[in-house]
Protein chains: 2
Amino acid sequence: MKQPADLLVTNAGQLCTVAGHGGRPAAGPAQGEAGVVERGAVAAYQGKVVAAGPEAEVLASVEPEPDAVRIDAAGRLVTPGLVDAHTHLCFAGWRAEEFGLRIRGAAYLDILKAGGGILQTVRATRAASEDELVAGLIERLEEILLLGTTTVEIKSGYGLALGAEVKQLQAVRRAAAAAVQDVVPTFLGAHAVPPEFQGRGREYAMMVAQAMVPAIASAGLAEYVDVFCEDGVFGLEETRRILEAARRFGLGVKVHADEVVHLGGARLAAELEAVSADHLVVTPPEDWEALRAAGTIAVLLPATSFFLMKEKHAPARGLIEAGVPVALATDYNPGTQPGGSLPLVMSIACLTLRMTPAETLVAVTLNAAHAIGRGERVGSLEPGKEADLVVWNCPTLDHLPYRMGVRLADTVVKRGRVVVRGGRRVTDSGGVTG
Amino acid sequence: MKQPADLLVTNAGQLCTVAGHGGRPAAGPAQGEAGVVERGAVAAYQGKVVAAGPEAEVLASVEPEPDAVRIDAAGRLVTPGLVDAHTHLCFAGWRAEEFGLRIRGAAYLDILKAGGGILQTVRATRAASEDELVAGLIERLEEILLLGTTTVEIKSGYGLALGAEVKQLQAVRRAAAAAVQDVVPTFLGAHAVPPEFQGRGREYAMMVAQAMVPAIASAGLAEYVDVFCEDGVFGLEETRRILEAARRFGLGVKVHADEVVHLGGARLAAELEAVSADHLVVTPPEDWEALRAAGTIAVLLPATSFFLMKEKHAPARGLIEAGVPVALATDYNPGTQPGGSLPLVMSIACLTLRMTPAETLVAVTLNAAHAIGRGERVGSLEPGKEADLVVWNCPTLDHLPYRMGVRLADTVVKRGRVVVRGGRRVTDSGGVTG
């Protein structure tokens, strides 16, 4: 009995299904298993994958409908759609002049004193209308769609007051409704101490825990709560209070942990069974086992470290060898990573974290999906999952990080629908042949 | 008396003319002077700039023809077209699998033993037909045109035998005739010791000097001769013999110098009045004055160092402060830099060489033009120079390196003709308004 198919991708020179991990994030040596199939094919029906694997097997198992969309991959690479598990995409205003100051050697504190840094983005985002935020979000979601990103997490955190945080999350909801991508909203009210609470960070944190988290949860505006746990920002105890409140209200939790100083944020993330602990630049080996045991995903952001000219990089090899599932994300934000290319992040991860090309692919697909609670729906090409995939203008997986900075996404399919073709946005749902 | 204009670019939020260096490469503190004009405009006639500067002044000085092409930059950044002064664009075959091996820790010697490395490209390039090389060149020239590159140097060096080198340079000539860009051909017969001369590098070098250089010169196939002067490749004496032969035949000279070991290639370049010395990763301070005194341009390739995971970077700040004009180039080649984005090179130069955004712009325009003998024709927007310019999707120069990896080129003009619009190739020469 053959299954019907309304989308058929054939003649993939190399197909990376990222399947075979039993629905779980890939960890340990398995992180390097991208499910590589030579001469592969993918079939989908009503937006879901029905078969993915060797072309002959796929063709034998499905019966394409007469008007099925057929894509000839022409010997090129096919992967799952990419998943960006950590972004701050909802903001107003760039900070290009701060980049120039930083290059000239200005210390971050000097930049803050000059009115720059995160508080500049807070001012601009507070001053922006919800409509302006929606427009910026849609523009950036379109930008990253052309780069192959089909699922994306977006944090608030530039409002730092209930009204402005709600405005951000409502903008995310509206942009998500208009966008092609699946969007996962995260409340990051504890991203920085707002200017009006200067010197009273603890008081602000308590307000986040006691007033903002309940309000965000009851409005259904976020799936996760995240905290920037860092020396001089929010300490361990404040982080715990906020995340425990999140859990009481049924929200998942995430932590910006150990980016600069080893406060123990990763260990706290594990204790609270956070879905992810992010950054982890200075997380020492003695904290890795806790992450592994808790099933907490390590979301590494190597483009940010590079952009900040840090010499220290997250211990990706150690984490992988310790059995911690590693994801990679862009951290797209106007201060420390003003771009959203996951393929570029893959390149930087290979070069600075010594991850292999296959490990980086798993990190921006299956593991990234698990890092935002979407591992059952996206991140790999296997029956029952959503038919999100990319045909790349290159023959093999190694090319993706190798051709650093080159735009290779040719065709992007989201839930079985062709949304990018020839590197350009398709606005109708017309069929494609050849 | 107003001058006629057939192209008018108005409303540049920021115009960087890179003018004001008196026709010479920018050196010392002047390397940071990008000729920034707020609310600028550029007018051109018959492919040449007739005015560039504050919009009111430009508009007062020209009389646009009725059918002049008008471009409203809409508050965005306008710069000269970019110049890539060091590429190996004429090759066959990628080396993506070698990238994977390298990440896994394979030493370069192991890769060579496994049949990889430069000799893999030599095999593939020798096996390719001239037509195949032309097709690859045209594809890559189109790729970099969309990134804002309007002038480009292309080296041979994967033939390593007279016939195969001539095939490469003939392919370059044919591609140049078809391409939008100005192309400057360089003969790099001494790029590596060919397999059939293994252990007899000196003999090969003498053949390059005595037989190949004269043949290439008399066929008019190259403007420059370049040598890979490096420990284990070609020594100082071999380099000198080849470059002295080049000078006798009226060709300009360049040197791949001091990339890994300090052999003294930069000093030799200065002695031979080379137009450029390239790489310079390990050139010590005592060699800088010779470069300055000779007027030899330092062409730095920071994307290559990053791609090779080197911890040591070229001494850009020292060179600039010593008064050596610094250019930046991609080094586009299949082994150590398989991409051609000069804006990405600008980002990497800011982050790893601590060059300022303005210094990087001068380095990929005026100084790069001088590094390939085109400083009198392109590289800045001033009367009499060719009207090569780019309108970028950002408001200021700082944005170009800041938005790392984001494709920002919107409109590209070559010799007064719009060749890219909205980031897409324009194949006809139709007018553009607004």
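These figures come from a predicted structure and were not determined experimentally.

Conventions we followed
Residues numbered from 1 in each chain as written. Chains lettered and ligands numbered in written order. Predicted model: local features only at pLDDT ≥ 70, side-chain atom pairs only at ≥ 80, totals over all residues. Heavy atoms only, no water. Helix = DSSP H or I, 4+ residues; strand = E, 2+ residues; numbered from the N terminus. Rg over C-alpha atoms; globule rule 2.2 N^0.38 Å. Buried < 20%, exposed > 50% of the residue type's maximum accessible area, 1.4 Å probe, protein only. Contact = heavy atoms within 4.5 Å. Patch = residues over 30% accessible without salt bridge, like charges linked within 9 Å, V, L, I, M, F, W, Y side chains within 5 Å. Areas by Shrake-Rupley, 256 points an atom, 1.4 Å probe, with all protein chains shown as cover. Salt bridge = Lys/Arg side-chain N within 4 Å of Asp/Glu carboxyl O. Disulfide = S-S within 2.5 Å. Pairing = 2+ DSSP bridges. Axes fitted to C-alpha atoms, helices over the stretch in contact; angles between N-to-C directions. Least-squares fit on C-alpha atoms with pLDDT ≥ 70 in both. Parallel < 35°, antiparallel > 145°, perpendicular 65-115°, else oblique. Left-handed = near helix turned anticlockwise from the far one by under 90°. Nonpolar A, V, L, I, M, F, W, Y, C, P; charged D, E, K, R; others polar. Right-handed = clockwise from strand over helix to strand, strands pointing away. Core = buried A, V, L, I, M, F, W, Y, C linked by side-chain atoms within 4.5 Å. Buried area = accessible area lost by both parts, 1.4 Å probe. Polar contact = N/O pair within 3.5 Å; in protein donor to acceptor, adjacent residues only side chain to side chain.

## As for the overall build of chain A
- Helix and strand counts for chain A stand at 16 helices and 17 strands.
- For 434 residues, the compact-globule formula gives about 22 Å, and the C-alpha radius of gyration of chain A, at 21 Å, lands near that figure.
- Reported as C-alpha extents along the three principal axes, the dimensions of chain A are approximately 65 × 45 × 45 Å.
- When burial is assessed residue by residue, chain A has 64% of its 434 residues classed as buried.
- Here the analysis covers contacts within chain A between residues at least 6 apart in sequence; of these, 72% occur between residues at least 24 apart.

## Brief notes about a nonpolar patch on the surface
Residue and element names in this part refer to chain A.
- A grouping of Tyr108, Leu109 and Leu112 is seen on the molecular surface, where their side chains present a nonpolar patch of about 290 Å² in accessible area.
- Looking at the secondary structure, you find Tyr108 in helix α3 (residues 108–113).
- Residue Tyr108 is classed as partly exposed on the basis of its relative accessible area of 43%.

## Remarks on the state of the cysteines
All names here are of chain B.
- As enumerated under the stated definition, the model contains 0 disulfides over all chains in all.
- Residue Cys16 stays outside any disulfide, its sulfur separated by 9.5 Å from that of Cys394, the closest cysteine.
- Judged by relative accessible area, which is 0%, Cys16 ranks as buried.

## Thoughts on the sheet that holds strand β8 (residues 182–190) of chain B
All names here are of chain B.
- Pairing in this open sheet of 8 strands is parallel, and the strands run β6-β7-β8-β9-β10-β11-β12-β13 from one edge to the other. Looking at which strands have only one partner, the edges of the open sheet turn out to be β6 (82–84) and β13 (326–328). Geometrically, the sheet is characterised by an average inter-axis angle of 25° between neighbouring strands, direction not taken into account.
- Relative to strand β9 (residues 224–228), β8 runs parallel, the two being bridged by 3 bridges.

## So, helix α13 (residues 342–353) of chain A
- In terms of burial, α13(A) is a largely internal element, 12 of the 12 residues being buried.
- Every buried residue of α13(A) is listed here: Leu342(A), Pro343(A), Leu344(A), Val345(A), Met346(A), Ser347(A), Ile348(A), Ala349(A), Cys350(A), Leu351(A), Thr352(A) and Leu353(A).

## Here's the deal with the relation of the copies chain B and chain A
- When chain B is fitted to chain A, the best match, at an RMSD of 0.0 Å, comes from turning it 180° and sliding it 0.0 Å along the axis. Taken together, the rotation and translation describe the operation of a two-fold axis. The rotation axis passes nearest to the C-alpha of Gly405(B) in chain B, at a distance of 2.9 Å.
- Most of the interface of chain B is mirrored in chain A: 100% of its interface residues are interface residues there too.

## Examining the packing of helix α6 (residues 162–178) of chain B against helix α7 (residues 201–218) of chain B
All names here are of chain B.
- Viewed as axis vectors pointing N to C, α6 and α7 meet at an angle of 30°, and their least axial separation amounts to 11 Å. Classed by the angle they form, the pair α6 and α7 counts as roughly parallel. By crossing handedness, the relation of α6 to α7 is classed as right-handed. In this structure, α6 uses Leu162, Glu165, Val166 and Leu169 to contact α7, whose residues at the interface are Met212, Ala215 and Ile216.
- The class makeup of the residues in the contact of α6 with α7 is 6 nonpolar, no polar and 1 charged.

## Here we look at the pairing of strand β8 (residues 182–190) of chain A
Residue and element names in this part refer to chain A.
- Taken across its 9 residues, β8 has 9 buried, putting it largely inside the fold.
- With 5 bridges joining them, strand β7 (residues 149–155) and β8 adopt parallel strand pairing. For Thr151, the partnering residue across the bridge sits in β8 and is Asp182.
- Of the crossover connections in this fold, the one passing from β8 over helix α7 (residues 201–218) to the parallel strand β9 (residues 224–228) is right-handed.

## Comments concerning the nonpolar core
- Within the largest apolar cluster, 231 residues are counted, with the highest numbers of intra-cluster contacts made by Leu300(A) and Leu300(B).
- Discounting residues that sit within four places of it in the chain, Leu300(B) has contacts with His279(B), Leu280(B), Ala314(B), Ala316(B), Leu319(B), Val326(B), Ala327(B), Leu328(B), Ala329(B) and Leu353(B).

## Describing the side chain of Thr296(A)
Residue and element names in this part refer to chain A.
- On the secondary structure map, Thr296 appears in the loop between α10 (288–294) and β12 (297–300).
- You can call Thr296 buried: its relative accessible area is 0%.
- When near neighbours in sequence (up to four residues on either side) are disregarded, Thr296 contacts Ala269, Ala270, Glu273, Ala274, Val275, Ser276, Ala277, Leu291, Val324 and Pro325.

## Describing the interface of chain B and chain A
- Taken together, the contacts link 39 residues of chain B with 39 residues of chain A.
- Summing the contributions of chain B and of chain A, the shared interface buries around 3600 Å²; its carbon and sulfur component is 70%.
- One can count 2 salt bridges joining chain B with chain A.
- Residue Glu143(B) pairs with Arg403(A) through a salt bridge whose shortest N-O separation is 3.9 Å.
- Where chain B touches chain A, the interface holds 7 residue pairs in polar contact (both at pLDDT 80 or more).
- Per element, the largest residue contribution to the side of chain B that touches chain A is 6 residues, and it comes from helix α2 (residues 96–103) of chain B.

## Comments concerning the environment of Thr151(B)
Residues and elements named next belong to chain B.
- Counting through the fold element by element, Thr151 comes out in strand β7 (residues 149–155).
- A relative accessible area of 1% means that Thr151 is categorised as buried.
- Taking C-alpha positions, Thr151 is 6.7 Å from Leu82, a pair spaced 69 residues apart along the chain.
- Leave out the neighbours within four places in its chain, and Thr151 touches Leu82, Val83, Asp84, Gln181, Asp182, Ile372, Val378, Asp388 and Lys414.

## Some words on the pattern of salt bridges
Residue and element names in this part refer to chain A.
- Scanning the entire structure with this criterion turns up 52 salt bridges over all chains.
- A salt bridge links Lys155 to Asp226; the nearest nitrogen and oxygen atoms lie 2.8 Å apart. One end of the pair, Lys155, is in strand β7; the other, Asp226, is in strand β9, and 71 residues separate them in sequence.

## Side note on the packing of α7(B) against helix α8 (residues 236–248) of chain B
All names here are of chain B.
- Taken N-terminus to C-terminus, the directions of α7 and α8 make an angle of 5°; their axes are 9 Å apart at the nearest point. Classed by the angle they form, the pair α7 and α8 counts as roughly parallel. Packed against α7, whose contacting residues are Gly201, Arg202, Ala205, Met206, Val208, Ala209, Gln210 and Val213, the element α8 presents Glu238, Arg241, Ile242, Ala245 and Ala246 at the interface.
- Along the lines of polarity and charge, the residues of the contact of α7 with α8 split into 8 nonpolar, 2 polar and 3 charged.

By themselves, these observations are geometric and do not establish any function.
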